[in-house]
Amino acid sequence: MADRKHIVIVGAGFGGVCLAQELAKKDVRITLVDQHNYHLFQPLLYQVSTAVLSPSEIAYPTRAFFRKNKNVEFFLAKARGADQERRVLKTDHGEISYDYLVLAAGGTTNFFGNESVERSSFAMKTLQEAIEVRNHIVHEFERAAKMTDPSMADERRRHLNFVIVGGGATGIEMAGAMMELISIFKEEYHNIDFSEVSVSLLEAMGSVLPMVPPDLQQYTIKALRKRGVNVCLNTAVTGYDGSNLVLQSGEIIPTRTVIWAAGVRAQDFIKDCGGEVDRSGRIIVGENLLVKGSDRVFAIGDCANFHHGTERPLPTVAPVATQQAVQVSKSIMALISGRTPDQLEKFVYHDVGAMATIAKGEAVMNGPMPVLGFMMKASGLFAWIAWMFVHLIRLAGRCSNFTVTIKWIWNYLFGTRLERIIVHRDE
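The model shown is predicted, which means the values in this text are computed figures rather than measured ones.

Caption draft 1: Structural context of the overall build of the chain. Along its length, the chain carries 10 helices and 24 strands. When the backbone C-alpha atoms are referred to their principal axes, the chain occupies close to 75 × 45 × 45 Å. In the chain, which comprises 427 residues, the share counted as buried stands at 53%. Here the analysis covers contacts within the chain between residues at least 6 apart in sequence; of these, 63% occur between residues at least 24 apart. Only carbon and sulfur atoms are counted for the fraction: they give 51% of the accessible area of the chain, which is about 19,700 Å². The averaged location of the 45 negative side-chain charges in the chain is 5 Å from the averaged location of its 46 positive side-chain charges.

Rendered as structure tokens:
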């Protein structure tokens, strides 16, 4: 084992796990580093925050992936940076030497420098954040149910006014799921006037879901509005103090709940890894996915800025990370075999399409869909079934596949959501 090349991978997300699985078949040593001991299926975080699924159904123990791979070791730690001259990754539990380093640390919420929004709103990029959102939403209804005095009407409405910022897939899916959760609450909170409950989706641009065609964007907006979501386009946020949301127009929205789903940036430590970063903190990579100026450090997924032959950097979605992982696996083995960096194959992203669910029985999809193998643009029930199928086959663990399928069917037929339990971290 000592003479094997040591490859250190930072991040157990889609890209990191895929890369480790590819390299596990080779004669190399692999150390997979992450601050959590699980792989998280981030596309379904909104279903944890709206009580559809439990946390364990979208998280899978990282070590379980590599039970039969003796050349793969998991290291629970938080990355702090990298020293490329000494070839070490810095962590809060010491340094790890490497022959090749791959940054696959994913991203975090981008508040675009708005400190008041960052301080007072809810993000939804981690499992802990999703649980916190779920706790808060249920708790707001419990608080409102106690405010029966007419003099408390304004404050009660503030607790029942939910605002989601960002018209991407996460914002759309969260807004639709919120309306479904509220429909369940209508049968349980007998002393709440549900005409006072409001869900708003704010988007700074002129439309939602930029990755799908205009007709599907309009379909999505109409479907949300039909379900009662107040969709506001060309609406930018300038501040939030936990009680009042301030818009660029000067309008103030009284609310205790702002869920921020408007942007993604790289993890903070990426800027300390010896490469050049963009405004979002993503490290700039060459066509072969090597960090600019390095011959043995790669970056993939949400923390990498790949801008070659494309109008803008590749999107922060799972297919980008997994395709890059496969390419980097080949490139590392090529370097080990004696090839030089300029001889490595250039990465070319193959678009696998886009999809987003709006509510149960309602979704949009567009592009050359994986598994189906042909171009497809669809909306409604068919798109929703396709969305479920694609997400199920990507979930880790057979148990999760089974339980998630049962819960989705049960929720579709009966609107059952049993995960609406308030669980505080200190418990």
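Caption draft 2: Quick peek at the side chain of Ser207. Mapping Ser207 onto the fold places it in the loop between strand 12 (198-202) and helix 7 (214-226). What Ser207 contacts, discounting residues up to four positions off in sequence, is Gln217, Gln218, Ile221 and Leu233.

Caption draft 3: Here's a closer look at the side chain of Ser294. With respect to the secondary-structure elements, Ser294 resides in the loop between strand 19 (283-284) and strand 20 (297-299). Overall, the relative accessible area of 11% leaves Ser294 in the buried class. There is a polar contact of 3.3 Å between the side chain of Ser294 and the side chain of Gln84. Looking at Ser294, its side chain comes within polar contact range of the main-chain nitrogen of Val297, at 3.1 Å.

Caption draft 4: Region of interest: the nonpolar core. Formed by 69 residues in total, the largest nonpolar core has its most connected members in Leu44, Ile58, Ile137, Phe141, Met174, Ile192 and Trp408. The leading source of residues in this core is helix 6 (residues 169-185), at nine residues. Residue contacts for Ile58: discarding those within four places in its chain leaves His39, Leu40, Phe41, Leu44, Leu45, Val48, Leu53, Leu127 and Leu395. Counting 57 residues, the second-largest nonpolar core is a separate cluster that includes Ala24, Val72, Leu290 and Val297.

Caption draft 5: View of helix 9 (residues 381-394). If you check helix 9, its first and last C-alpha atoms are 20 Å apart, about what 14 residues at 1.5 Å a residue would give, namely 20 Å. Within the span of helix 9, buried status applies to Ala383, Trp384, Ala386, Trp387, Met388, Val390, His391 and Leu392.

Caption draft 6: Main features of the pairing of strand 22 (residues 354-359). By the criterion of burial, strand 22 is predominantly enclosed, with six of the six residues buried. The sheet contact formed by strand 22 and strand 23 (residues 362-368) spans five bridges and is antiparallel. Bridge pairing links Thr357 to Ala363 in strand 23. The turn joining strand 22 and strand 23, which pair antiparallel and follow one another in sequence, is formed by two residues; a positive phi near 80° is taken by Gly361.

Caption draft 7: Representation of a nonpolar patch on the surface. Taken together, the side chains of Leu381, Ile385, Ile409, Trp410, Tyr412, Leu413 and Phe414 present a nonpolar region at the surface, about 720 Å² in accessible area. Those elements that place two or more of their residues in the nonpolar patch are helix 9 and helix 10 (398-414). Counting residues per element, the nonpolar patch draws most heavily on helix 10, which supplies five residues. When you line up the elements, Phe414 lands in helix 10.

Caption draft 8: Highlighting the sheet that holds strand 11 (residues 161-165). Strand order in the open sheet made by the four strands is 13-12-11-17, with parallel pairing throughout. Strands at the two margins of the open sheet, each flanked by one partner only, are strand 13 (230-232) and strand 17 (257-260). Across this sheet, the average inter-strand angle for adjacent strands is 20°, counted without regard to direction. The sheet strands contacting helix 6 are strand 11, strand 12 and strand 17, and the helix crosses strand 12 at an angle near 175°.

Caption draft 9: Looking closely at the environment of Asp342. With respect to the element layout, Asp342 can be found in the loop between helix 8 (318-336) and strand 22. Taking the C-alpha atoms as reference, Asp342 lies 30 Å from Glu73; in sequence the two are 269 residues apart. Within polar-contact distance, the side chain of Asp342 engages the side chain of Thr340 at 2.3 Å.

Cut-offs and rules
Residues numbered from 1 in each chain as written. Predicted model: local features only at pLDDT ≥ 70, side-chain atom pairs only at ≥ 80, totals over all residues. Heavy atoms only, no water. Helix = DSSP H or I, 4+ residues; strand = E, 2+ residues; numbered from the N terminus. Buried < 20%, exposed > 50% of the residue type's maximum accessible area, 1.4 Å probe, protein only. Contact = heavy atoms within 4.5 Å. Areas by Shrake-Rupley, 256 points an atom, 1.4 Å probe, with all protein chains shown as cover. Lys, Arg positive; Asp, Glu negative; His and termini not counted. Charge placed at Lys NZ, Arg CZ, Asp CG, Glu CD. Polar contact = N/O pair within 3.5 Å; in protein donor to acceptor, adjacent residues only side chain to side chain. Core = buried A, V, L, I, M, F, W, Y, C linked by side-chain atoms within 4.5 Å. Expected span 1.5 Å × (residues − 1). Pairing = 2+ DSSP bridges. Patch = residues over 30% accessible without salt bridge, like charges linked within 9 Å, V, L, I, M, F, W, Y side chains within 5 Å. Salt bridge = Lys/Arg side-chain N within 4 Å of Asp/Glu carboxyl O. Axes fitted to C-alpha atoms, helices over the stretch in contact; angles between N-to-C directions.

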